[in-house]
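Listed here are the chains, written in short residue letters.
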Amino acid sequence: MTDARMPRALVFDFNGTISDDESLLCEIYVQLFRERGRPLSAQEYFDRLAGLSDPDIVRTWLGADRPDVDAVVAERIARYQAATADGSTVHE
């Protein structure tokens, strides 16, 4: 029997809390969107897109009717994984 007062789970806000990676995410999106003909500045990223889900970021910047949202998100994830594989965004 478990104690009903004991928490059963913890939720962490990983990006920006445990992992110092918001500037990396910005850099990746700047590159992705430039490659797709819709340049994005860091200021625009932080003012308009930071905090949105990946699909919402893509739709907001590249267009709501964008047919390749999943492919753009998959590319963002692949670039992020390659850039963070060394653990450099998580500090002691």
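Undergrad: Sorry, what's going on with the pattern of salt bridges here?
TA: Side chains that carry opposite charge are capable of pairing whenever their charged atoms lie near each other. As enumerated under the stated definition, the model contains six salt bridges in all. Measuring nitrogen to oxygen at the nearest pair gives 2.6 Å for the salt bridge that ties aspartate 54 to arginine 76. Taken together, the positions of aspartate 54 in helix 3 (residues 54-62) and arginine 76 in helix 4 (residues 69-84) put the pair 22 residues apart, joining distant regions of the chain. Aspartate 68 serves as the salt-bridge partner of arginine 66, at 2.5 Å between the closest nitrogen and oxygen. A relative accessible area of 23% places arginine 66 in the partly exposed class.

Undergrad: Is there a simple way to think about the packing of helix 3 against helix 4 in this case?
TA: It is at 9 Å that the axes of helix 3 and helix 4 come closest, and there the two elements cross at 120 degrees. Judged on the interaxial angle alone, helix 4 and helix 3 are oblique. Along this stretch, helix 3 crosses helix 4, giving a crossing that reads as right-handed. Contacts between helix 3 and helix 4 involve Asp54, Pro55, Val58, Arg59 and Leu62 from the former and Val69, Val72, Val73 and Arg76 from the latter. Broken down by class, the residue content of the contact of helix 3 with helix 4 amounts to six nonpolar, no polar and three charged.

Cut-offs and rules
- Residues numbered from 1 in each chain as written.
- Predicted model: local features only at pLDDT ≥ 70, side-chain atom pairs only at ≥ 80, totals over all residues.
- Heavy atoms only, no water.
- Salt bridge = Lys/Arg side-chain N within 4 Å of Asp/Glu carboxyl O.
- Helix = DSSP H or I, 4+ residues; strand = E, 2+ residues; numbered from the N terminus.
- Buried < 20%, exposed > 50% of the residue type's maximum accessible area, 1.4 Å probe, protein only.
- Axes fitted to C-alpha atoms, helices over the stretch in contact; angles between N-to-C directions.
- Parallel < 35°, antiparallel > 145°, perpendicular 65-115°, else oblique.
- Left-handed = near helix turned anticlockwise from the far one by under 90°.
- Contact = heavy atoms within 4.5 Å.
- Nonpolar A, V, L, I, M, F, W, Y, C, P; charged D, E, K, R; others polar.

Purely geometric numbers; function is a separate question.
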